[in-house]
Structure formats: structure tokens, C-alpha cells
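Read off the chains here:
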Amino acid sequence: MVRIAEIEAGSIAEALELRIGTRVVRINGQPVRDGIDFTFLLADTELEIETVSPEGEAAVYEIQREPGEALGIVPQPDAVRECANKCVFCFIDGNPPGVRDALWLRDDDFRLSFTYGSYVTLTNLGPKGFQRLIDQRLSPLYVSVHATEPEVRRRLLVNEQAGEIMQRLAALTRAGLEVHTQVVLCPEWNDGSHLDRTIDDLWSLGPGVRSLSIVPVGLTRYNLGRPVRLLERPEAERALDQVERARVRARAERQRGWCYAADELFLVAGQDLPAASYYDDFELVENGVGAVRRFIDDIDGALERLPSLVGRRLRILTGASMAPFFRSRVHDVRRATGADLEVLEVENRFFGSSVTIAGLLAGADLAAAVHDPRGGDVILVSADALNQDQVFIDGMPLVELQRRVAPARLIVARSLPSALARL
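Cut-offs applied
- Residues numbered from 1 in each chain as written.
- Predicted model: local features only at pLDDT ≥ 70, side-chain atom pairs only at ≥ 80, totals over all residues.
- Heavy atoms only, no water.
- Helix = DSSP H or I, 4+ residues; strand = E, 2+ residues; numbered from the N terminus.
- Rg over C-alpha atoms; globule rule 2.2 N^0.38 Å.
- Buried < 20%, exposed > 50% of the residue type's maximum accessible area, 1.4 Å probe, protein only.
- Contact = heavy atoms within 4.5 Å.
- Areas by Shrake-Rupley, 256 points an atom, 1.4 Å probe, with all protein chains shown as cover.
- Lys, Arg positive; Asp, Glu negative; His and termini not counted.
- Charge placed at Lys NZ, Arg CZ, Asp CG, Glu CD.
- Axes fitted to C-alpha atoms, helices over the stretch in contact; angles between N-to-C directions.
- Parallel < 35°, antiparallel > 145°, perpendicular 65-115°, else oblique.
- Left-handed = near helix turned anticlockwise from the far one by under 90°.
- Nonpolar A, V, L, I, M, F, W, Y, C, P; charged D, E, K, R; others polar.
- Phe/Tyr/Trp six-rings, centres within 6.5 Å; stacked < 30°, edge-to-face > 60°.
- Polar contact = N/O pair within 3.5 Å; in protein donor to acceptor, adjacent residues only side chain to side chain.
- Pairing = 2+ DSSP bridges.
- Salt bridge = Lys/Arg side-chain N within 4 Å of Asp/Glu carboxyl O.

Asker: It is not clear to me how the overall build of the protein chain should be interpreted in this structure. Could you clarify?
Answerer: Within the protein chain, the regular secondary structure consists of 15 helices and 14 strands. For 423 residues, the compact-globule formula gives about 22 Å, and the C-alpha radius of gyration of the protein chain, at 24 Å, lands near that figure. Across the 423 residues of the protein chain, 52% fall into the buried class. By sequence separation, contacts in the protein chain at least 24 residues apart represent 69% of the contacts at least 6 residues apart. Here the protein chain displays about 19,900 Å² of accessible surface, and carbon together with sulfur accounts for 49% of that area. If you average the places of the 49 positive and of the 62 negative side-chain charges in the protein chain, the two averages end up 4 Å apart.

Asker: How do you make sense of the packing of helix H7 (residues 193-204) against helix H8 (residues 233-254) when you look at a structure like this?
Answerer: Packed helix pairs are specified by the crossing angle of their axes together with the interaxial distance, meaning the distance between the axes. Interhelical geometry of H7 versus H8 gives an angle of 20° and a closest axis separation of 10 Å. Judged by the inter-axis angle, H7 sits roughly parallel to H8. Considering the relative orientation of H7 and H8, their crossing is right-handed. Where H7 approaches H8, its residues Leu-195, Asp-196, Ile-199, Asp-200 and Trp-203 are matched on the opposing element by Ala-239, Gln-242, Arg-245, Ala-246, Arg-249, Ala-250, Glu-253 and Arg-254. Split into classes, the residues belonging to the contact of H7 with H8 amount to six nonpolar, one polar and six charged.

Asker: How should the packing of aromatic side chains be read in this particular structure?
Answerer: One pair of aromatic rings is described through two measures. These are the centre distance and the angle between the planes. The tally for this structure, following the rule as stated, stands at nine aromatic pairs. With a centroid separation of 5.6 Å and 50° between ring planes, the pair formed by Phe-91 and Phe-351 is classed as tilted. Note that Phe-91 is positioned in the loop between strand S6 (73-75) and helix H3 (110-116) and Phe-351 in the loop between strand S12 (340-345) and helix H13 (363-369), a separation of 260 residues in sequence. Take Phe-351: its relative accessible area is 0%, and that puts it in the buried class. Centroid distance Tyr-279 to Phe-282: 5.3 Å. Interplanar angle 35°. Geometry classified as tilted. Residue Tyr-279 shares its accessibility class with Phe-282, and that shared class is buried.

Asker: Explain the side chain of Thr-337 here, please?
Answerer: Structurally, the position occupied by Thr-337 is in helix H12 (residues 330-337). Looking at Thr-337, its side chain comes within polar contact range of the main-chain nitrogen of Ala-339, at 3.1 Å. With sequence-adjacent residues up to four places away left out, Thr-337 is seen in contact with Leu-306, Pro-307, Ser-308, Leu-309, Val-310 and Leu-420.

Asker: Please explain the sheet that holds strand S7 (residues 141-144) as it appears in this structure.
Answerer: Sheets are built from strands paired through backbone hydrogen bonds, the pairs being either parallel or antiparallel. Sheet architecture is open: four strands sit in the order S7-S8-S9-S10, paired in parallel fashion. Both outer strands of the open sheet, S7 and strand S10 (259-261), are each paired with one neighbouring strand and no more. Averaged over neighbouring strand pairs, the angle between their axes works out to 20° when direction is ignored. Bridge analysis of strand S8 (residues 179-185) against strand S9 (residues 209-216) gives seven bridges, and the strand direction is parallel. In the strand pairing of S9, Val-183 is matched with Ile-214. Along the sheet, H8 contacts S8, S9 and S10; its crossing angle with S10, the most-contacted strand, is approximately 150°.

Asker: Explain the pattern of salt bridges here, please?
Answerer: Opposite charge on two side chains permits pairing when their charged atoms draw close. All told, the structure shown has 33 salt bridges when counted by the stated rule. For Arg-245, the salt bridge goes to Asp-196, with nearest N and O atoms at 3.7 Å. Taken as a pair, Arg-245 in helix H8 and Asp-196 in helix H7 lie far apart in primary sequence, 49 residues in all. Of the charged contacts, one joins Glu-244 and Arg-247 as a salt bridge, the two residues approaching to 3.9 Å between their closest N and O atoms. A residue pair is termed a helical-turn pair when its members lie 3 or 4 positions apart in one helix, as Glu-244 and Arg-247 do in helix H8 at three residues. Its relative accessible area of 5% is what places Arg-247 among the buried residues. Look at the salt bridges and you will find they share partners, linking Glu-178, Arg-210, Arg-256, Asp-281 and Glu-283 into a network.

Asker: Looking at this structure, how should I read the sheet that holds S12?
Answerer: Spatial strand order, S12-S11-S13-S14: four strands in an open sheet with parallel pairing. Where the open sheet ends on each side, the last strands, each with one partner, are S12 and strand S14 (409-413). Averaged over all adjacent pairs, the angle separating strand axes in this sheet is 25°, with direction ignored. Examined bridge by bridge, strand S11 (residues 313-318) and strand S13 (residues 378-382) share three bridges and lie parallel to one another. Within S13, the residue paired with Leu-314 across the bridge is Val-378. In the packing of helix H14 (residues 398-405) onto the sheet, contacts are made with S13 and S14, and the angle to S14 comes to roughly 145°.

Asker: What's the story with unusual backbone geometry in this structure? I'm lost.
Answerer: Excluding glycine, residues mostly have negative phi values, and the peptide bonds linking residues are mostly trans. For the bond from Ser-139 to Pro-140, the omega torsion is 0°, close enough to zero to count as cis. Take Pro-140: it is sitting in the loop between helix H4 (127-135) and S7. Note that the residue after Arg-226, namely Pro-227, is joined by a cis bond; omega there is -5°. As for its placement among the helices and strands, Pro-227 is situated in the loop between S9 and H8.

Asker: Honestly, the side chain of Arg-153 in this entry has me stumped. Any pointers?
Answerer: Position of Arg-153 relative to the elements: it lies in helix H5 (residues 150-157). Look at Arg-153 and you get buried, because its relative accessible area is 1%. Within the structure, the side chain of Arg-153 is placed 2.8 Å from the backbone oxygen of Ala-162, a separation counted as a polar contact. Apart from the residues lying within four places of it in its own chain, the contact partners of Arg-153 are Thr-121, Thr-123, Ser-144, Val-145, Ala-147, Val-158, Ala-162 and Ile-165.

This is the structure we're talking about:
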């Protein structure tokens, strides 16, 4: 069942005097297990909804509505299914003390995969749960494969059920579902010939496997080398060669790149990022595939539209990964705006120096990087470092960082042009 969290004003639900806290237990005779069921079963225009009030009183509502007319019920979020794996590279094992509480949740929930594009392993689904994916056509799904060889995947995920991944993916694609897949590349675990095997196996499943992204393993000072280590430059170079071979085949046969290297893989290999055409429609940007290219192109495309900021001092706070890309555009931005622009590379003391992305910078580390803030200064911080409650990963609220950098003005944005447009 789902519980009502909100009732939209002027809606059918309000007219029926449904109340917050009421449980929706059946729709048209079908049990409502969660929010996915709720959305799926509301597709009909004629509805019979069975509810139980907060006091335990049962009621049935018969509703006829126009196609597309909203019912007006906002359900409470579902309880998240937690992960049954003990992956040797699990980022949660690298969490430091004091990290936000939500970061300790080991989620592996197909509903989040379908709704938000988070990656799941498909190891915690029994026959009924797996069949539900097919019956409700929950597509596209985002699946962490890591390796297709059963023994290699079992070893990586530390789960005896993990070896069935090819059978599960084959069943999904035969049923017409589409799947985005990923490999978190761990040296001496699933690289080299294992990666070749994974690429070939996933390609053999046909166009139902819509993409494969190769992401280098990320580790903090709390789980570095226990038991997985970071990729070294020659290993990243070899992986890029493997990806490129797969891309040549995919371009020839399916007219898309299909296999994509994450931005971080190019950085580890010391290679230039590819042009925008490499990423096709940037479908995997949330998985770190093409985010840096989009960032650079956004700056270059906006140079002629940037505001005049003569006499202003702008200070960009970012991680070690992005600092070189900001610095490569400092001259052009200064010339376009007249601003005194400075890039401050923030050391990640919270997770350790192996973590270099701006989205994982702690509030305390950002504050420590700002010296001599002045009135009239503008300090720019990546919005990716904050959650929806405007809290950094170490639990520091945004308002606290604003207090620490006063009297400078703090701006949070996802791109440099959008930040400067607010000045």
C-alpha cells in the first residue's frame, strides 16, 4: 500500500475529502504495493480505489475522470530496498565519520533505477519481483553489471546470486525492455580480458542493451587498497583502447557509440576529452559520462553573452579534477567580463586526496580554502556538492558556509555561465 502525503488543491482527491495519512490499498481490485504500482494502476480513467483512513476505517471511491486528469494524490516516498551485496569497491565503506546520514544507505532498488536512473545490480529480486519488471515494462533500467563472467561478478559483489546477470539481462531484453549498463573498473579484478568479455557479452544481447559506460573505481582514504586499488595511467590507457574498439564496431553496426568511457577515465589516462559527438545525446551525463565536456562547451558557447564584471573579484572553488579545466578558460572569461578571476583548488580532507570531484567537497573544506574574503568578492561553488536540503556532504548547511565566507557573496550554480548571469 501507499500512504497519502499530500492532497493537491482543487483536485479530485480534495473533492472526495481524502486525507493525509490515508492508505491506498487497492485500485480496481489490484493491490497497491508501492509508488510504482500506484502510478501504473492509475492509468485507467475509471477507478475503484479502496482506502483505509488513519483511524482504520475502510472506504471505496468510484471515480470517472477525463484522460490525463490528475487524481491529486501525492504518495509518501517508498521505503528503499537495501543492497544485499558486499561489493569490494562499495563507496559506503569509504565514508568518513560525520557524513550525511543518507550516505550510509546501501540502496539497490529497481524503483529508483526506473524513476531516477540510479544503477542497481538485480541481485535482490526473487522470481515475482523480477517478473514485475517485465509485466509493468519498467524501462529503461540502469544496471551495474561490472562483469558478465559469473565467478568474476560473484567475487566483486560478494554475492552468490550475482552470477546470473546474463540470464537476467537476456530475459529483460527478450521482453522488449531497454537497459543501460555500467562497469566500475577495478584493476586486477574485472579489467583486461575480463572487460573484453563483458563488452562482447553485453553487445551480443542486441540493441535492448542501450549503452555501456566504463567508470574507474573511486576510493577514499578509508577504503583505499582494501582490497581494491585505484587505476594507474597505463591501465586507464588500455581500458580506453578497449572502449574505442567497441565503439568502432557499434558505430559501424548501430550508428551510435554505445560504449562510453567516463570523464574520469580520460583524466586518469592523461588524455584529452573527446568532442561532444563522442557522447551522442549525452544520455549518461549523470553517470559522469560527458559532464566535463558539457561544462567546457557551456563556457565556450556563452563567452559573448557573459556580463561585464569589471572590478569584481571572482573566486571559483572546485576539486582537483575540474581545476585544470577552469584554469584553461580563465583567460577567455577574464577577457569577456573584465573580472579578476581566480581558481581555488580545494583539497578534499574529508574523504582524502584520492577523491577529486567538486560534488564530493565538504562544507568545511570549502570554507578552509577561502582566505581573506572581502566585501564585493563573489565566491562560486558547485551545486552538485549540496543535497536537496542545501546541506553539504559533511552535514554543514549552506547558510553556515555563507556565514564563514562573509562578507563575500556566495553563489551556488551548476555551470559558470548560469552563476555569472546572476551577478
